[in-house]
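# Chain and residue survey
Listed here are the chains, written in short residue letters.
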Amino acid sequence: MIVKKLPQLFLWTNQNLSIVPPLSVVGQIQAYGLGEMSIEHFRSYLSSRIQRVKIGDTFSKWEMVRRGVPQGSVLGPIFFNVHIHDLYYHIKQANLNAYADDEQLYSSDKDLELNTRLEHELGIGNSWYERNDMIVNPDKHQAMVLGVNSNYEFSFPVKNSVDLLDVTIDKDFSFNSHISQICVTVYKQFRVLKS
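The rules behind the values
- Residues numbered from 1 in each chain as written.
- Predicted model: local features only at pLDDT ≥ 70, side-chain atom pairs only at ≥ 80, totals over all residues.
- Heavy atoms only, no water.
- pLDDT = per-residue confidence, 0-100.
- Helix = DSSP H or I, 4+ residues; strand = E, 2+ residues; numbered from the N terminus.
- Contact = heavy atoms within 4.5 Å.
- Salt bridge = Lys/Arg side-chain N within 4 Å of Asp/Glu carboxyl O.
- Phe/Tyr/Trp six-rings, centres within 6.5 Å; stacked < 30°, edge-to-face > 60°.
- Buried < 20%, exposed > 50% of the residue type's maximum accessible area, 1.4 Å probe, protein only.
- Lys NZ or Arg CZ within 6 Å of the ring centre and 35° of its normal.
- Core = buried A, V, L, I, M, F, W, Y, C linked by side-chain atoms within 4.5 Å.

### As for the confidence of the model for the protein chain
This prediction gives the protein chain a mean pLDDT of 77; 82% of its residues lie at or above 70. Of all secondary-structure elements in the protein chain, the lowest mean pLDDT belongs to strand β1 (residues 8-14), at 55, while strand β4 (residues 58-59) reaches the highest, 94. Counting interchain partners and residues more than four positions distant, the pLDDT-below-50 stretch residues 1-6 has six contacts.

This is how it looks when you write it as structure tokens:
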């Protein structure tokens, strides 16, 4: 039996917790059936927040936070995942994985069909982000073909490696780039200790 290897294309889209409209998250949490008291706690936590910036000894004036969920809390990624959960209902011809603010579309097929399918699903995803008041930055989209050499010119940039959750993954899963980066970091740390 001959098994033909088809290219698997992973496409990374990067969004950001700081662009989630907070009150839309409250509406989505409410749709999951939480009680009114819980909804009020979340509404209070996410609305009427102010912030300022400190540079040196100088402070900016206080400003109202209009977008984003509080960073550095365990609730931030949860709110983001609640917000993007509906995206799973719209992506139908590719697989979608999400962790915090990193989403990956992936599929396997012949080059032309793969390009067409993922381009279509990426368009659906980008439209969903825009309809849900999120900012799409196509320059941050990364793609990588795994496992086989493909000379096909995809309609989006394809890299030999991508960074996912601080791990550099290369198209052959050798992790050589990741190991090299760790070695450079460790070497720099040892040089600091020696001096």
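### Brief notes about the pattern of salt bridges
Proximity of charged atoms lets side chains of opposite charge pair with each other. The final tally for this structure, using the stated rule, is two salt bridges. A salt bridge links arginine 43 to glutamate 40, with the nearest nitrogen and oxygen atoms 2.4 Å apart. Note that arginine 43 and glutamate 40 are positioned in helix α2 (residues 36-46) at a spacing of three residues, about one turn of the helix.

### A short note on the packing of aromatic side chains
A complete count under the given rule lists one aromatic pair for this structure. Here the aromatic rings of tryptophan 128 and tyrosine 129 are separated by 5.6 Å at their centres, their planes lie at 75°, and the arrangement is edge-to-face. Each member of the pair, tryptophan 128 together with tyrosine 129, is buried. The side chain of arginine 49 reaches across the aromatic face of tyrosine 45, ending 5.1 Å from its centre. We note arginine 52 situated over the ring of phenylalanine 59; from NZ or CZ to the ring centre the distance is 4.0 Å.

### A short note on the nonpolar core
Ranked by internal contacts, the top residues of the largest apolar core, which has 18 residues, are Leu87, Ile91, Leu105, Leu118, Trp128, Tyr129 and Met134. Those elements that place two or more of their residues in this core are α3 (75-84), α4 (111-131) and β8 (142-146). Per-element accounting of this core gives the leading share, five residues, to α4. The next biggest cluster of nonpolar side chains, apart from the first, holds seven residues, and it includes Ile29, Ile39, Leu46 and Phe79.

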